Amino acid sequence: MKTKNNIFGLLFCVSSLSLCYAQDSDSSKKQTDLGVSIQVYPAGIIPTVNLEHYLNEKSSLVFRLGANFVDRQDFSDVNLTEEGEGFGGSVGFRRHFPSGKGKFVAGLNLDVWSLNIDWTDDNGPNGNVQPGSTYTLVVQPWLEGGYFLRIKNTKSQIGLTLGFGREINAITSGDEVEQGFIASVLLQYQFSL
């Protein structure tokens, strides 16, 4: 529990320092966008509410809060099935590269998810299935790249990014559950405040 509080405290400190830096830098051309996104990966779906604060024209900080719905089906090397859900968030940094009517983005993100996973496993040679439940705090660093397009005559934009990262079970209470490399697709809608 102490480690969980330390991780959330660290994320809060990084977020606060980043916003302080952003407020102290040159304020011209700064904006903040609010939006929603849906991130899909082979073993789940993550809907979020997002805040993107631009440090300047070429870089921004991204903050996400949301839920993570996991259904690993038969992807797990640890158990027969794993399903669950939880909440969490993300802190990220993006670089922006204007191109055509939109822009390319490249970013680095750190997610933290508090998940409760229900699993079933084979219990020996008799073929009996054993159910169980595990709590895990997942730390997930990942890279993203994609393209955002402005919606004509609005202060809105829509973007599609691809992500690649790693799920790390930082804290586990109960039997082991799957962790490893993941890829994802993220569809995002934003509007300027």
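Residues numbered from 1 in each chain as written. Predicted model: local features only at pLDDT ≥ 70, side-chain atom pairs only at ≥ 80, totals over all residues. Heavy atoms only, no water.

Visitor: For the pairing of strand β5 (residues 102-122), give the residues involved together with the corresponding values.
Guide: Judged from the 19 bridges that link them, strand β4 (residues 81-99) and β5 form a sheet pairing that is antiparallel. From the neighbouring strand, Glu82 faces β5, where its bridge partner is Trp119. Linking two consecutive strands that pair antiparallel, namely β4 and β5, is a turn of two residues; a positive phi of about 60 degrees is found at Gly100 within it. Of the pairings in the sheet, the one linking β5 to strand β6 (residues 129-150) comprises 21 bridges and is antiparallel in character. Its bridge partner being in β6, Trp119 is matched across the sheet by Gly132. (Pairing = 2+ DSSP bridges. Helix = DSSP H or I, 4+ residues; strand = E, 2+ residues; numbered from the N terminus.)

Visitor: Lay out the packing of aromatic side chains in plain terms, naming residues and giving numbers.
Guide: For any two aromatic rings, the description comes down to two numbers: the centre-to-centre distance and the angle of the planes. Tallying each qualifying case throughout the model produces three aromatic pairs. Relative to Tyr147, the ring of Phe104 has its centre 4.8 Å away and its plane inclined at 65 degrees; by these criteria the two rings are edge-to-face. Of the two residues, Phe104 sits in strand β5 while Tyr147 sits in strand β6, which places them 43 residues apart along the sequence. Overall, Phe104 belongs to the partly exposed group, its relative accessible area being 44%. On the accessibility criterion, Tyr147 (25% relative accessible area) is partly exposed. Judged by centre distance (6.4 Å) and plane angle (40 degrees), the ring pair of Tyr189 and Phe191 falls under tilted. Directly above the ring of Phe148 sits Lys103, whose terminal nitrogen or CZ lies 6.0 Å from the centroid. Here the basic side chain of Arg166 rests over the ring of Phe181, its NZ or CZ set 4.7 Å away from the ring centre. (Phe/Tyr/Trp six-rings, centres within 6.5 Å; stacked < 30°, edge-to-face > 60°. Buried < 20%, exposed > 50% of the residue type's maximum accessible area, 1.4 Å probe, protein only. Lys NZ or Arg CZ within 6 Å of the ring centre and 35° of its normal.)

Visitor: Can you explain the pairing of strand β7 (residues 156-173)? Please cite residues and give values.
Guide: As paired strands, β6 and β7 are joined by 14 bridges and run antiparallel to one another. Opposite Gly146, over in β7, you have Thr161 as the bridge partner. With twelve bridges joining them, β7 and strand β8 (residues 180-192) adopt antiparallel strand pairing. Across the sheet, Gly163 pairs through a bridge with Ser184, a residue of β8. Hairpin geometry of β7 and β8 is characterised by an intervening segment of six residues between the two adjacent antiparallel strands and by a positive phi of about 120 degrees at Gly174.

Visitor: Lay out the pattern of salt bridges with the relevant residues and their values.
Guide: Under the defined criterion, the tally for this structure stands at five salt bridges. Glu82 is the partner of Arg72 in a salt bridge, and the nearest nitrogen-oxygen pair spans 2.6 Å. With Arg72 in the loop between β3 (59-71) and β4 and Glu82 in strand β4, the pair connects residues that are ten residues apart, well separated along the chain. One exposure class covers both Arg72 and Glu82, and it is buried. Notably, a salt bridge pairs Glu167 with Arg72, separated by 3.7 Å at the nearest N-O pair. On the criterion of sequence distance, the pair formed by Glu167 in strand β7 and Arg72 in the loop between β3 and β4 is long-range, its members being 95 residues apart. In terms of burial, Glu167 and Arg72 fall into one category: buried. (Salt bridge = Lys/Arg side-chain N within 4 Å of Asp/Glu carboxyl O.)

Visitor: Residue-level account of the confidence of the model for the protein chain, with values.
Guide: For the protein chain, the mean per-residue pLDDT works out to 86, and 83% of the residues sit at or above 70. A low-confidence stretch, residues 13-28 stays under pLDDT 50, and its non-local contacts, those more than four residues away or across chains, total 14 contacts. (pLDDT = per-residue confidence, 0-100. Contact = heavy atoms within 4.5 Å.)

Visitor: Can you tell me about the environment of Val185, naming the residues and giving the values?
Guide: Here Val185 is to be found in strand β8. With 39 residues separating them along the chain, Val185 and Gly146 place their C-alpha atoms 9.5 Å apart.

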